[in-house]
Amino acid sequence: MWILVIVLLNQVPGISPVTLLETYPTSHECHSERARIGDEMAKAYPDERDFEIACRFNPRAAIVKS
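Keep in mind that what you see is a predicted model, and the values were worked out from it rather than measured.

Criteria and thresholds
Residues numbered from 1 in each chain as written. Predicted model: local features only at pLDDT ≥ 70, side-chain atom pairs only at ≥ 80, totals over all residues. Heavy atoms only, no water. Salt bridge = Lys/Arg side-chain N within 4 Å of Asp/Glu carboxyl O. Helix = DSSP H or I, 4+ residues; strand = E, 2+ residues; numbered from the N terminus. Pairing = 2+ DSSP bridges. Axes fitted to C-alpha atoms, helices over the stretch in contact; angles between N-to-C directions. Disulfide = S-S within 2.5 Å. Expected span 1.5 Å × (residues − 1). Buried < 20%, exposed > 50% of the residue type's maximum accessible area, 1.4 Å probe, protein only. Arc of directions from axis to C-beta. Core = buried A, V, L, I, M, F, W, Y, C linked by side-chain atoms within 4.5 Å. Contact = heavy atoms within 4.5 Å.

**Q** Describe in detail the pattern of salt bridges, supporting the description with residues and values.
**A** Here the idea is simple: oppositely charged side chains can pair when their charged atoms come close. One pass over the full model with this rule turns up three salt bridges. Residue arginine 36 pairs with glutamate 33 through a salt bridge whose shortest N-O separation is 2.6 Å. Of this pair, arginine 36 and glutamate 33 both sit in helix H1 (residues 27-44), three residues apart, which is roughly one turn of that helix. With a closest N to O distance of 3.6 Å, glutamate 40 and lysine 43 form a salt bridge. Here glutamate 40 and its partner lysine 43 are both found in helix H1, three residues apart, which amounts to about one turn of the helix.

What follows is the structure, encoded as structure tokens:
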């Protein structure tokens, strides 16, 4: 399971520095959405570079319970 997160590089009071945006079953799906969101954020906030949008593998979500 892959998770898409936004990481704030500057601390903002009352906001978590890492926020889960969505989960995806494959790396490809996560990275496609990461690229789309990154493009939209760059358009909406062209002078803001104090965040990172990243895909991360979540091994705990990949454990299949029987």
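**Q** Residues and numbers for the sheet that holds strand E2 (residues 18-24), please.
**A** Across the sheet, three strands lie side by side as E2-E1-E3; this open sheet has antiparallel pairing. In this open sheet, the two edge strands, each paired with only one partner strand, are E2 and strand E3 (51-57). Pairs of neighbouring strands in the sheet enclose a mean axial angle of 25 degrees, with direction left out of account. Across seven bridges, the pairing between strand E1 (residues 2-8) and E3 is antiparallel. Residue pairing across strands places leucine 8 opposite phenylalanine 51, the latter belonging to E3.

**Q** Go over the state of the cysteines with me, naming the residues and quoting the values.
**A** Scanning all chains against the criterion turns up one disulfide. Residue pairing for cysteine 30: its cysteine sulfur links by disulfide to cysteine 55, the two sulfurs lying 2.2 Å apart. Note on the cysteine 30 and cysteine 55 pair: the S-S dihedral is about -110 degrees, so by sign convention the disulfide is left-handed. Residue cysteine 30 is found in helix H1, and its partner cysteine 55 is found in strand E3; the two are separated by 25 residues along the sequence.

**Q** Before we move on, could you go through H1 and cite the residues and values that matter?
**A** The terminal C-alpha atoms of H1, which comprises 18 residues, lie 25 Å apart, in line with the 26 Å expected from a rise of 1.5 Å per residue. Listed as buried for H1 are Cys30, Ile37 and Gly38. For H1, the angular spread of buried residues about the axis comes to 110 degrees, placing them on one side. Facing away from the buried side of H1, by more than 90 degrees, are the exposed residues His28, Asp39 and Lys43.

**Q** Account for the nonpolar core, with residues named and values stated.
**A** Core analysis: the biggest nonpolar cluster contains eight residues, these being Leu4, Ile6, Tyr24, Cys30, Ile37, Phe51, Ile53 and Cys55. Only E1, H1 and E3 provide two or more residues apiece to this core. Sort the elements by how many residues they give to this core and E3 lands first, with three residues. Setting aside its immediate chain neighbours within four residues, cysteine 30 contacts Trp2, Ile3, Leu4, Tyr24 and Cys55.

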